[in-house]
Amino acid sequence: MAVRFVIIGGGPAGTQAATTAARLGANVTLIERDVIGGAANLWDCIPSKAMIATGGAMSFTRRSEGMGLNDTTVGLDLDAVKVRINAIEGHLNERLIELLESQGVRIIRGTGRLTGEHTVVATSGDGTEEELHADAVLLATGSRPRVPDWAEPDGHRILTTRDAYPPPELPEHLVVIGSGVTGVEFVHMFSSFGSKVTLIVSRQQVLPGRDTDAAAVLEEDFLARGVVLLKGARATSIDCDGATVAVHCDDGRVAKGTHALLAIGAIPNSEGLGLEPAGVQDDGGYIPINHHCQSNVRHIYAAGDLSGKLPLASVAAMQGRKIAEHVMGLHTREHRHLDYDKAAQAIFTEPEIAEVGMPEAEAFAVGRKIRVTKVPFSASAKALINNDPRGFVKIVSDPATGVVLGGSIVGRHAAELISVIALAVTAGLRVSDIVESLLVHPTLAEALAEAAE
Ligand SMILES: Cc1cc2nc3c(=O)[nH]c(=O)nc-3n(C[C@H](O)[C@H](O)[C@H](O)COP(=O)(O)OP(=O)(O)OC[C@H]3O[C@@H](n4cnc5c(N)ncnc54)[C@H](O)[C@@H]3O)c2cc1C
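Residues numbered from 1 in each chain as written. Predicted model: local features only at pLDDT ≥ 70, side-chain atom pairs only at ≥ 80, totals over all residues. Heavy atoms only, no water.

### Details of the layout of surface pockets
Line of reasoning, step 1. Roughly 640 Å³ of volume is contained in the second largest pocket.
Line of reasoning, step 2. Lining the second largest pocket are 29 residues, and of these Gly357, Met358, Pro359, Glu360 and Glu362 sit closest to its centre.
Line of reasoning, step 3. Each residue belonging to the lining of the second largest pocket can be placed in one class, and the counts come to 12 nonpolar, 6 polar and 11 charged. (1 Å grid on protein atoms, 1.4 Å probe; cavity = no way out; pocket = protein on both sides within 12 Å on 5 of 7 lines; lining within 4 Å. Points joined across faces, edges and corners; volume = space filled by probe spheres on them. Nonpolar A, V, L, I, M, F, W, Y, C, P; charged D, E, K, R; others polar.)

Given below as structure tokens:
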């Protein structure tokens, strides 16, 4: 009999696990209470990047005077932006459903919960319950924005990221709380749209914990756009008085605007999942997993944001793939474990920031000998042609062997370009492999070869 694999949650983790397992011969049931594609498609990656694409087109046009354009003014139609986002999401959703169904995955529209070690109950919208028996279960229910007890989002003036695609009106002055990846992407988005933006930064640098050179380039761009950076301040309360919001900080400073956006992390969707009856342990709602993504109950797996690992759609999908292979017994063949340290990450600001592998600071912290080479895009022909010479390429390698350990790129298309370094890190390539690749001229990628030199 085929392996019965039940998946709760149809985001990148759940859908990737479903298609991979179905291809390998499992009998797969996927339970999703909302939209196939998950929060990634509906609330997070897709709408945010679609809005950033519009903002990017606007700011690029405004900066294009030097390219021979004699009219660089642009206007924004928020309703058209909304229609575009819905169209992209609808297209992706349809394609995903087609793919799942073509592979024989059974999709149940409803809420799933464990009722025992091998049983899952799916409750449909009309209250109908169905009990499913499973040889293996994947919990992939994702996460949602964290709302602190001092803020009450109303979807109008006080927003979470989920209220912002786009918000009912373009904020005249947006106060963004949180300067991590999500916060800075929203600063970029709304300042490109023309909103005045204040960013509350709890430390002395945006993007805490990230490459300080990259953060410095981003801060420079924010300041050039007129973004106000309130550094070393933590928000403690928000007052909303008609058309004004006031965000109070722990050091007494107050940031006033017309709207406030909370970008202070996420919490896992694990309530009502039936962890207890199945004996699955959690840690603050996250499910601790081993390197095969198994929970303490070995045939119950967890992936994606719920697993508390790197909260990225790409990581969730890769976990889903590895889990499906493990469920189908493929781990006994040559099977590489997922190495979270080798996940490429990007921040879709202007310039974009992308990183992979060992950061320079970490290497110094652990006393590892490294070679760091850095080339600015101002030396790149293509960057000058693009009218955007901001940023740099940095490659970290082992001085003894030349093996590429990591790197960071700040600049246009950094999120695409980092793939070259990601491949080098995953495949254990040497800097000489990059140097000797015959690249297209003129391209931004040439700066990678130069940095590898
Ligand atoms: C603003 C923002 C932008 C982001 N941009 C990026 C990006 O550009 N690139 C990137 O890699 N990552 C990005 N991320 C992170 C990414 O969205 C998440 O890491 C990813 O969505 C996690 O995938 P997942 O499969 O764990 O869960 P999700 O995508 O959250 O999907 C989980 C699904 O489970 C369903 N569900 C929950 N409980 C139940 C239940 N009991 N029964 C049935 N269904 C259930 C939910 O409805 C949901 O559809 C972003 C995050 C945010 C907040």
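### Things to note about the nonpolar core
Line of reasoning, step 1. Ranked by size, the top nonpolar core spans 46 residues in total, and within it Phe5, Val28, Leu114, Leu138 and Leu139 carry the most contacts.
Line of reasoning, step 2. If one sorts the elements of this core by residue count, helix H1 (residues 12–23) sits on top with 5 residues.
Line of reasoning, step 3. Excluding its chain neighbours within four sequence positions, the residues that come into contact with Leu139 are Ile8, Leu114, Leu273, Leu275, Ile287, Ile300, Tyr301, Ala302, Ala303 and Leu306.
Line of reasoning, step 4. In this structure, Leu159, Ala164, Val176 and Leu218 belong to the second largest nonpolar core, which totals 34 residues. (Core = buried A, V, L, I, M, F, W, Y, C linked by side-chain atoms within 4.5 Å. Buried < 20%, exposed > 50% of the residue type's maximum accessible area, 1.4 Å probe, protein only. Helix = DSSP H or I, 4+ residues; strand = E, 2+ residues; numbered from the N terminus. Contact = heavy atoms within 4.5 Å.)

### Section: the sheet that holds strand E14 (residues 254–257)
Line of reasoning, step 1. Read from one edge to the other, the open sheet built from 3 strands follows the order E12-E13-E14, with strand pairing classed as antiparallel. The open sheet has two free edges, formed respectively by strand E12 (235–241) and E14, since each of these has just one partner strand. The average undirected angle you get between the axes of adjacent strands in this sheet is 15°. (Pairing = 2+ DSSP bridges. Axes fitted to C-alpha atoms, helices over the stretch in contact; angles between N-to-C directions.)

### Considering unusual backbone geometry
Line of reasoning, step 1. A cis amide bond links Glu350 to the next residue, Pro351, at an omega of 5°.
Line of reasoning, step 2. Tracing the backbone shows Pro351 in the loop between strand E18 (345–347) and strand E19 (352–357).
Line of reasoning, step 3. The residue after His441, namely Pro442, is reached through a cis peptide bond having omega -5°.
Line of reasoning, step 4. You will see that Cys293, though not glycine, has its phi angle at about 70°, which is positive.
Line of reasoning, step 5. Structurally, Cys293 can be placed in the loop between helix H7 (275–278) and strand E17 (300–302).
Line of reasoning, step 6. Classification of Cys293 as buried rests on a relative accessible area of 2%.

### Observations regarding the packing of aromatic side chains
Line of reasoning, step 1. This model, assessed by the stated rule, comprises 3 aromatic pairs.
Line of reasoning, step 2. Ring geometry for Tyr165 against Phe186: centres 6.0 Å apart, planes inclined by 40°, an arrangement best described as tilted. In this pair, Tyr165 is assigned in the loop between strand E8 (158–160) and strand E9 (173–177) and Phe186 in helix H5 (residues 181–193), connecting sequence segments 21 residues apart. Phe186 shares its class with Tyr165; the two are buried.
Line of reasoning, step 3. A centroid spacing of 5.7 Å and a plane angle of 85° characterise the contact between Phe190 and Phe193, whose relative ring orientation is edge-to-face. Of this pair, Phe190 and Phe193 are both found in helix H5, 3 residues apart, which corresponds to roughly one turn of the helix. Here the two residues Phe190 and Phe193 agree in accessibility, since each one is buried.
Line of reasoning, step 4. By way of ring pairs, the aromatic residues Tyr165, Phe186, Phe190 and Phe193 are connected into one cluster.
Line of reasoning, step 5. Residue placement shows Lys374 over the ring face of Phe392; its charged tip is 4.5 Å from the ring centre.
Line of reasoning, step 6. Across the ring face of Phe60, the terminal group of Arg412 is positioned such that the distance to the ring centre comes to 4.4 Å. (Phe/Tyr/Trp six-rings, centres within 6.5 Å; stacked < 30°, edge-to-face > 60°. Lys NZ or Arg CZ within 6 Å of the ring centre and 35° of its normal.)

### So, the site of the ligand
Line of reasoning, step 1. Neighbouring the ligand are 35 residues; Glu32, Lys49, Gly112, Asp305 and Ala313 lie closest to it.
Line of reasoning, step 2. Here an oxygen atom of the ligand and a backbone polar atom of Ala13 are 3.1 Å apart.
Line of reasoning, step 3. Leu312 is positioned with one of its backbone polar atoms (N or O) 3.2 Å from an oxygen atom of the ligand.
Line of reasoning, step 4. In the complex, 89% of the free accessible area of the ligand, which totals 1,000 Å², lies under the protein chains. (Near = heavy atom within 4 Å. Polar contact = N/O pair within 3.5 Å; in protein donor to acceptor, adjacent residues only side chain to side chain. Areas by Shrake-Rupley, 256 points an atom, 1.4 Å probe, with all protein chains shown as cover.)

### Describing the sheet that holds E18
Line of reasoning, step 1. Spatially, 5 strands are ordered E18-E19-E22-E21-E20 in an open sheet, and the strand pairing comes out antiparallel. Across the chains shown, the open sheet's two edge strands, defined by having one partner strand only, are E18 and strand E20 (371–376). Strand-to-strand twist across the sheet, computed as the mean angle between neighbouring axes with direction ignored, equals 10°.
Line of reasoning, step 2. Across 3 bridges, E18 lies against E19 in antiparallel orientation.

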